[in-house]
Amino acid sequence: MDAYRALSTTNTRINKADVLRFEAEHKTSTLAEKENRALTLIDEAITQTVERYGSNAKIVVSCSFGVDSVITLHLVKRVCDMRNIPFDVVWNNTLNEYPQTRLFAKKLTADWRLNTIEALPTTTIRKIYDEHGVDSLLKRKGDRSNGQPVVEKCCNALKHAPMQRAIKEHGWHLMFNGVRAGESRQRWMSARRDGDYYYSSGTWKTWVCRPILWWTALADSFNYGNNRQEDVWEYVRKHDIPYNTIYDMNAVIDERYDCPTVIIDRVTAERLSAEGYNVFMPRTGCQACPIPIKRGYLRYLREVFPKVYRAMLFQLGFARVLIAEIPEDQRVALIAELSSFGVITEKTEAAILDRLEDVIEFKPCVFDGVGVSKRK
């Protein structure tokens, strides 16, 4: 832990060489080795926090009640229970969460006797889209080609701003979270920039520790050269940790799959995915969100959460933009088909927009593949 000893609110990150060294070590480490290192890092971060802030030191675990967050919470709880150190849990409840997440948060809080604090937004997703409208649903956060995308404004309002207010209000000095580098290229780049323990002088203005930053999972969307062993769910099995039931609500969205139900459990989902089937495996977070559309999210919602699907299309206005996102040849074919069956009277995109609900009733799968073929 010597690499972390020189950190301060002015010397906020460990050396880049140390970050790369820790990344490299994790690529070949066993789960037991990663677990021991995570516990040691947590203990060191807490020790430094107590040294800096004394008896007033305040510690919090940021928890979405997804599996990575719960693993991090379990690791921190092990250390804090051993040292008899209290800590809070902050849940960034966007008010747009899966019902399974809300139930699990309530149950785990009671079962583990957690002091869970909800960071709540001051607006709603409906108000955000009413105010800003809907731009391209395939734009990513950080894309400034035509101004800040509405999806980023949504994240800022529902997630970032409430968390910043909570940190300021409660005065937490150290925050643990379950971010992992393998979740996306963006998170890997963040991992290399900040490391697994640093002082956030910009966004959060507190110390941040990410003890499972270099852990991997078979379902990771980004492989940064690691061995992609199953750390996440192996740890869950090893310690018999409860998990959010949303992980057992996966959907096979593949024409080759001919079983009577498309909803499958996590183990089956991982097996079929490894065999090359297109399987949507949900993560915790906002339900009505365009970010996962490229992974087949619209088809998943239509199959599993049809009310949310329709709310996204009609109440938030996604359907009107999705029509424009359909490839030209497919849109022409769709217009011809709708016209031939009398669903629309004119062979135009405007006619579809005027009869959107009828279009969805006639052909519910019309948006299933929008953006999916553009995945890398």
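Residues numbered from 1 in each chain as written. Predicted model: local features only at pLDDT ≥ 70, side-chain atom pairs only at ≥ 80, totals over all residues. Heavy atoms only, no water.

I would appreciate a short explanation of the overall build of the protein in the present structure.
When its secondary structure is counted, the protein shows 15 helices and nine strands. In summary, the protein has a C-alpha radius of gyration of 23 Å against a globular reference of 21 Å for 376 residues, a match within 12%. Each principal axis of the C-alpha atoms in the protein carries an extent, and together these give about 75 × 45 × 40 Å. For the protein, the proportion of its 376 residues judged to be buried stands at 52%. Taking contacts inside the protein between residues at least 6 apart in sequence as the whole, the part at least 24 apart equals 69%. For the protein, the accessible surface area stands at approximately 17,900 Å², while carbon and sulfur atoms represent 49% of it. (Helix = DSSP H or I, 4+ residues; strand = E, 2+ residues; numbered from the N terminus. Rg over C-alpha atoms; globule rule 2.2 N^0.38 Å. Buried < 20%, exposed > 50% of the residue type's maximum accessible area, 1.4 Å probe, protein only. Contact = heavy atoms within 4.5 Å. Areas by Shrake-Rupley, 256 points an atom, 1.4 Å probe, with all protein chains shown as cover.)

So what exactly am I meant to see when it comes to the nonpolar core here?
If you look at soluble globular proteins, the nonpolar side chains tend to sit buried side by side. Formed by 102 residues in total, the largest nonpolar core has its most connected members in Phe176, Tyr300 and Phe367. Residue contributions to this core peak at eight residues, all from helix α3 (residues 67-83). Discounting residues that sit within four places of it in the chain, phenylalanine 176 has contacts with Ile42, Ala45, Ile46, Ile59, Val60, Val61, Ser62, Thr72, Val76, Cys209 and Pro211. (Core = buried A, V, L, I, M, F, W, Y, C linked by side-chain atoms within 4.5 Å.)

Please explain the packing of aromatic side chains as it appears in this structure.
Aromatic rings considered in pairs are described by the distance between their centres and by the relative angle of their planes. This model, assessed by the stated rule, comprises 19 aromatic pairs. Ring geometry for tyrosine 197 against tryptophan 207: centres 5.5 Å apart, planes inclined by 40 degrees, an arrangement best described as tilted. Of this pair, tyrosine 197 sits in strand β5 (residues 197-200) while tryptophan 207 sits in strand β6 (residues 206-209); the two residues are ten residues apart in sequence, bridging distant segments of the chain. Residue class for tryptophan 207 comes out buried when judged on its relative accessible area of 0%. Members of the aromatic cluster, connected to one another through ring pairs, are Tyr4, Phe22, Tyr197, Tyr199 and Trp207. Just above the ring of phenylalanine 22 sits the side chain of arginine 37; from NZ or CZ to the centre is 4.3 Å. The residue whose ring lies beneath arginine 266 is tryptophan 233, and the NZ or CZ to ring-centre distance is 3.8 Å. (Phe/Tyr/Trp six-rings, centres within 6.5 Å; stacked < 30°, edge-to-face > 60°. Lys NZ or Arg CZ within 6 Å of the ring centre and 35° of its normal.)

Function-wise, these values are silent; they only describe arrangement.
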